[in-house]
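Each chain, letter by letter, is given below.
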Amino acid sequence: AIETMLTEHASEHAEAWPLLGRALGLDLPDNEFTAALEPKDRRALLETLLLQCLTGAAREAADDGIGLLLVLEDLHTIDPLSLELLLRFAREVPTLPLLLIVTWRPHDGDRAPGASSRLSALPDYTELALEGLADADAEQIVRAQLAAMFPERTGPVPQALIARIAERAQGNPFYVEEVLSYLHDRGIDP
């Protein structure tokens, strides 16, 4: 399937298909061509393959009258090489029907410092900054989740529990739900 896709979107590099193994989470053995590549050439060719495949998919979507949505989460964990690839891709496809959504949580431990400012320099960049949940909103989620998870439970939810979960979640609604799911999955009634 990978060879077929490359033949369609990157025919001049189709013999390099095993390079996509790591990017796809597959253990693909090298073929004669890829085994002979130097590390820097492997990287450059892999980047080219990825760009050609994504560009081909976006063009295919355009031919069908639709667009392509690419969502990359947790940019704060991106490594510098992957950031360079993302920036290269974003610069090379501005005319394609592509919506690129990137999420990150700003903090000091970014693996690629300055990633957000480098992305913001791209044309057509729009940033939506989301504030963390207010404690009252976190409390609403805690109460709703507990009611759904423990319908037989009655009585008030301890304020200390709500405060602790809100503190741990740091304003992240998904994390509030995950903490409660973790407790529920282990049979712990908060």
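Our structure is the block above this text.
Just so you know, these numbers come straight off a predicted model, no measurement behind them. (Residues numbered from 1 in each chain as written. Predicted model: local features only at pLDDT ≥ 70, side-chain atom pairs only at ≥ 80, totals over all residues. Heavy atoms only, no water.)

Engineer: I would appreciate a short explanation of a negative patch on the surface in the present structure.
Structural biologist: Residues Glu8, Glu60, Asp63 and Asp64 make up a contiguous surface patch of negative charge. We classify Glu60 as partly exposed; its relative accessible area is 41%. (Patch = residues over 30% accessible without salt bridge, like charges linked within 9 Å, V, L, I, M, F, W, Y side chains within 5 Å. Areas by Shrake-Rupley, 256 points an atom, 1.4 Å probe, with all protein chains shown as cover. Salt bridge = Lys/Arg side-chain N within 4 Å of Asp/Glu carboxyl O. Lys, Arg positive; Asp, Glu negative; His and termini not counted. Charge placed at Lys NZ, Arg CZ, Asp CG, Glu CD. Buried < 20%, exposed > 50% of the residue type's maximum accessible area, 1.4 Å probe, protein only.)

Engineer: Where do I start with unusual backbone geometry in this structure?
Structural biologist: Residues other than glycine predominantly adopt negative phi, and peptide bonds predominantly adopt the trans conformation. Although it is not a glycine, Asp74 sits at a positive phi angle of roughly 60°. When you line up the elements, Asp74 lands in the loop between β1 (68–72) and α5 (80–92). Notably, Gln170 is not glycine yet its phi reads approximately 50°, a positive angle. For Gln170, the position within the fold is in the loop between α8 (159–169) and α9 (173–185). For Gln170, a relative accessible area of 59% translates into the label exposed. (Helix = DSSP H or I, 4+ residues; strand = E, 2+ residues; numbered from the N terminus.)

Engineer: Would you take a moment to explain a nonpolar patch on the surface for this structure?
Structural biologist: There is a patch of nonpolar side chains on the surface, built from Leu69, Val71, Leu99 and Ile101 and spanning about 340 Å² of accessible area. Secondary-structure elements contributing two or more residues to the nonpolar patch are β1 and β2 (98–102). Positionally, Leu99 belongs in strand β2.

Engineer: Explanation requested: the pairing of β2 in the structure shown.
Structural biologist: Successive side chains on a regular strand alternate, one facing one side of the sheet and the next facing the other. The pairing of β1 with β2 spans 5 bridges and is classified as parallel. By the bridge assignment for β2, Leu72 is matched with Val102. At this point the chain moves from β1, through α5, to the parallel β2, and the crossover so formed is right-handed. (Pairing = 2+ DSSP bridges. Right-handed = clockwise from strand over helix to strand, strands pointing away.)

Engineer: Can you help me understand the nonpolar core in this one?
Structural biologist: Nonpolar side chains tend toward joint burial in soluble globular proteins. The biggest cluster of nonpolar side chains holds 16 residues, and the ones touching the most others in it are Val142, Leu146, Val157, Leu161, Ile165, Val176 and Leu180. Secondary-structure elements contributing two or more residues to this core are α7 (135–149), α8 and α9. Not counting chain neighbours up to four residues away, the residues in contact with Val142 comprise Val157, Ile162, Ile165, Val176 and Leu180. Counting residues in each nonpolar core, the second largest holds 12 residues, with Ala14, Leu37, Leu45 and Cys53 among its members. (Core = buried A, V, L, I, M, F, W, Y, C linked by side-chain atoms within 4.5 Å. Contact = heavy atoms within 4.5 Å.)

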